[in-house]
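A look at the structure
Take a look at the letters that make up each chain.
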Amino acid sequence: MNRFENQIAIVTGAGRGIGESIAKSFATGGGKVACVSRSDSAAKVAEAINASHPGAARAYRVDVADKKAVEEVSAQIFADFGKVDILVNNAGITRDGLAMRMSEEDWDAVLDTNLKGAFNFIQAVMRPMIKQRSGRIINISSVAGLMGNAGQANYAASKAGLLGLTKTLARELAGRNITVNAVAPGFIKTDMTDVLPESIKTAVLGQIPMGRFGEPEDIAAAVTFLASADAKFVTGQTLTVDGGMVMA
Ligand code: NDP
């Protein structure tokens, strides 16, 4: 099914985990994808995509928190692909610790990557999207941004911030046929969660009605729905994908 034929997507944090799965889904759907990561991890993902879908992917290395560098890399993406139809702000980090002891550095690193990083890419693509009068922006938030999580003041604030950003941009851009939505994953099996102690994993599992952790593909399916024509009248929403952990 080529539902992304002639579509160009940027996926940040595409080097591993959820972002890798999202990037591969766009290619499977016939789209082309700019895979962005901080290290050279996205290059390996782009290589794997091109092995099965020749010419579908290119890799870009940038720190999303660096506004000037994001502007430069975005200019390169527009030069390489000619346009951008879909932006998925997925790059994210954790620096967990109780608020009482959280360092300024850990606060800034998480807010700069998770929240400012998303805004940096949105600003880089919104003008051309406004001109072409179409676009899809999807921000990867978290259930931590909906319900809070002890030990994640910085992370939860960044993910809740993304929801305010999503709704505001949805209002600002709706008239230009650009939708802006968020996906809030629950606990998904990736490098990010792999490092957590078994005791925490067991406690989290007890809060998931479906009785299992999510897979990156569960999130990619939600993202590709929001990026597809099927979701053309959906904007400003948060799609929670968590096995029933949070019910509004
Ligand atoms: P991973 O840690 O597995 O991968 C994170 C990706 O983001 C990597 O490719 C990494 O690049 C990239 N990245 C991190 N910082 C930067 C930066 N400053 N600039 C550019 N790229 C960066 O994470 P997940 O796949 O688990 O998570 C993806 C998103 O989903 C994140 O936003 C996360 O907060 C969110 N999420 C995850 C959940 C989970 O349970 N896993 C739950 C809820 C939300 P590199 O490979 O170069 O290091």
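Notes on the structure in this doc start here. (Residues numbered from 1 in each chain as written. Predicted model: local features only at pLDDT ≥ 70, side-chain atom pairs only at ≥ 80, totals over all residues. Heavy atoms only, no water.)

1. Here's the deal with the overall build of the protein
Short version of the rule: The helix and strand labels rest on DSSP assignments: H or I over at least four residues marks a helix, E over at least two residues marks a strand, and numbering proceeds from the N terminus. Radius of gyration: C-alpha atoms only; globule rule: 2.2 Å multiplied by the number of residues to the exponent 0.38. Whether a residue is buried, partly exposed or exposed follows from its accessible area with a 1.4 Å probe, protein chains only, as a fraction of its type maximum: under 20%, in between, or over 50%, in that order. Note on contacts: a residue pair qualifies if any of its non-hydrogen atoms lie within 4.5 Å across the two residues. Using a 1.4 Å probe, accessible areas were evaluated by the Shrake-Rupley method; residue-level cover was limited to the displayed protein chains. Charged residues are defined narrowly, with Lys and Arg counted positive, Asp and Glu counted negative, and His plus the chain ends left uncounted. The atom standing in for a charge is NZ when the residue is Lys, CZ when it is Arg, CG when it is Asp and CD when it is Glu.
On a plain count of helices and strands, the protein comes out with 9 helices and 7 strands. Over its C-alpha atoms the protein spans a radius of gyration of 17 Å, differing by no more than 12% from the 18 Å that the globule rule assigns to 248 residues. Overall, the C-alpha framework of the protein stretches about 45 × 35 × 35 Å when taken along its three principal axes. Looking at the protein as a whole, 48% of its 248 residues are labelled buried. If you take every contact in the protein between residues at least 6 apart in sequence, the share linking residues at least 24 apart comes to 72%. Carbon and sulfur atoms make up 52% of the accessible area of the protein, which totals about 11900 Å². Treating the 26 positive side-chain charges of the protein as one cloud and the 25 negative ones as another, the clouds have centres 7 Å apart.

2. A look at the site of the ligand
For clarity, the threshold we go by: Near residues are defined by distance, with any heavy atom within 4 Å of the molecule or strand qualifying the residue. Nitrogen and oxygen atoms within 3.5 Å of one another constitute a polar contact, given that in protein one can donate a hydrogen and the other can accept it, and given that sequence-neighbouring residues count only through two side-chain atoms. For this classification, Asp, Glu, Lys and Arg are treated as charged, while Ala, Val, Leu, Ile, Met, Phe, Trp, Tyr, Cys and Pro are nonpolar and the rest, including Gly, are polar.
Of all residues adjacent to the ligand, which total 30 residues, the nearest are Ser39, Ser41, Tyr155, Ile188 and Thr190. Ile18 places a polar main-chain atom, nitrogen or oxygen, 2.9 Å from an oxygen atom of the ligand. A distance of 2.5 Å is found between an oxygen atom of the ligand and a side-chain nitrogen or oxygen belonging to Tyr155. The protein chains hide 96% of the 900 Å² of surface that the ligand would expose on its own. Sorting the residues of the shell around the ligand by element identifies helix H1 (17–28), helix H6 (153–173) and helix H7 (191–194) as the ones contributing at least two each. Broken down by element, the shell around the ligand gets its largest block of residues, 3 residues, from H7. Looking at the shell around the ligand, its residues break down into 11 nonpolar, 14 polar and 5 charged.

3. Some thoughts on the packing of aromatic side chains
Operational definition: Aromatic pairs are defined between Phe, Tyr and Trp rings, using the six-membered ring for Trp, whenever the two ring centres lie within 6.5 Å; interplanar angles under 30 degrees are classed as stacked, those over 60 as edge-to-face, and all others as tilted.
This structure, assessed with the given rule, holds 2 aromatic pairs. With a centroid separation of 4.9 Å and an interplanar angle of 80°, the aromatic rings of Phe4 and Phe26 are classed as edge-to-face. Of this pair, Phe4 sits in the segment before strand S1 (8–12) while Phe26 sits in helix H1, and the two are 22 residues apart along the sequence. Judged by relative accessible area, which is 2%, Phe4 ranks as buried.

4. Examining helix H9 (residues 216–227)
Just so we agree on the cut-off: For a helix, the expected span equals 1.5 Å multiplied by the number of residues minus one.
Compared with the 16 Å implied by 1.5 Å per residue over 12 residues, the 16 Å span of H9 between its first and last C-alpha is a close match. Of all the positions in H9, only Pro216, Ile219, Ala220, Ala222, Val223, Thr224, Leu226 and Ala227 are classed as buried. Buried residues in H9 make contact with H1, strand S4 (86–89), strand S5 (135–140), strand S6 (178–185) and strand S7 (238–241).

5. A few points about the packing of helix H4 (residues 104–132) against H6
Quick reminder of the rule: The axes are straight lines fitted to the C-alpha atoms, using for helices just the contacting stretch, and the angles between their N-to-C directions are given from 0 to 180°. The labels follow the angle: roughly parallel below 35 degrees, roughly antiparallel above 145, roughly perpendicular from 65 to 115, and oblique for the rest. Here a crossing is called left-handed whenever its near helix is offset anticlockwise from the far helix by less than a right angle, and right-handed whenever the offset is clockwise.
At a minimum axis distance of 8 Å, the contact between H4 and H6 shows a crossing angle of 15°. Relative to H6, H4 is oriented roughly parallel. Note that H4 runs across H6; the crossing there is right-handed. For the pair H4 and H6, the contacting residues are Asp106, Trp107, Val110, Leu111, Asn114, Leu115, Ala118, Phe119, Ile122, Met126 and Ile130 in the first and Ala153, Asn154, Tyr155, Ala157, Ser158, Lys159, Gly161, Leu162, Leu165, Leu169 and Leu173 in the second. Across the contact of H4 with H6, the residue classes break down as 16 nonpolar, 4 polar and 2 charged.

6. A closer look at a negative patch on the surface
Cut-off, in case you're wondering: Within this analysis, patches are made of residues with over 30% relative accessible area and no salt bridge. Like charges are joined at 9 Å or less; nonpolar side chains (Val, Leu, Ile, Met, Phe, Trp, Tyr) at 5 Å or less. Put simply, a salt bridge is a Lys or Arg side-chain nitrogen that is within 4 Å of an Asp or Glu carboxyl oxygen.
On the surface, a cluster of negative charge is contributed by Asp63, Asp66, Glu104, Glu105, Asp108 and Asp112. For Asp66, the location among the structural elements is in the loop between strand S3 (57–61) and helix H3 (67–81).

7. Quick look at empty space enclosed by the protein
Just so we agree on the cut-off: Here a cavity is any set of points on a 1 Å grid over the protein atoms alone where a 1.4 Å probe fits but cannot get out, and a pocket is any open set with protein on both sides within 12 Å along at least 5 of 7 lines; a residue lines the site when it has an atom within 4 Å of a point. Grid points are joined across faces, edges and corners, and a volume is the space filled by probe spheres set on the points.
According to the stated counting rule, one finds 1 cavity of 30 Å³ or more in the structure shown. Looking at the largest cavity, its volume works out to about 40 Å³. Lining the largest cavity, in full, are Thr12, Val64, Asn89, Asn90, Ala91, Thr113, Asn114, Gly117, Ala118, Ile140, Lys159 and Leu162. Listing elements by their share of the lining of the largest cavity, those giving two or more residues are H4 and H6. The leading source of residues in the lining of the largest cavity is H4, at 4 residues. Looking at side-chain class alone, the lining of the largest cavity contains 5 nonpolar, 6 polar and 1 charged residues.

8. Describing the pattern of salt bridges
Under the criterion given, the structure shown has 11 salt bridges. Glu215 is paired through a salt bridge with Lys189; the nearest N and O atoms lie 3.1 Å apart. With Glu215 in the loop between helix H8 (198–205) and H9 and Lys189 in the loop between S6 and H7, this pair connects stretches of sequence that are 26 residues apart. Using a relative accessible area of 45% as the deciding quantity, one classes Lys189 as partly exposed. A single salt-bridge network, built from bridges that share partners, covers Asp194, Glu198 and Lys201.

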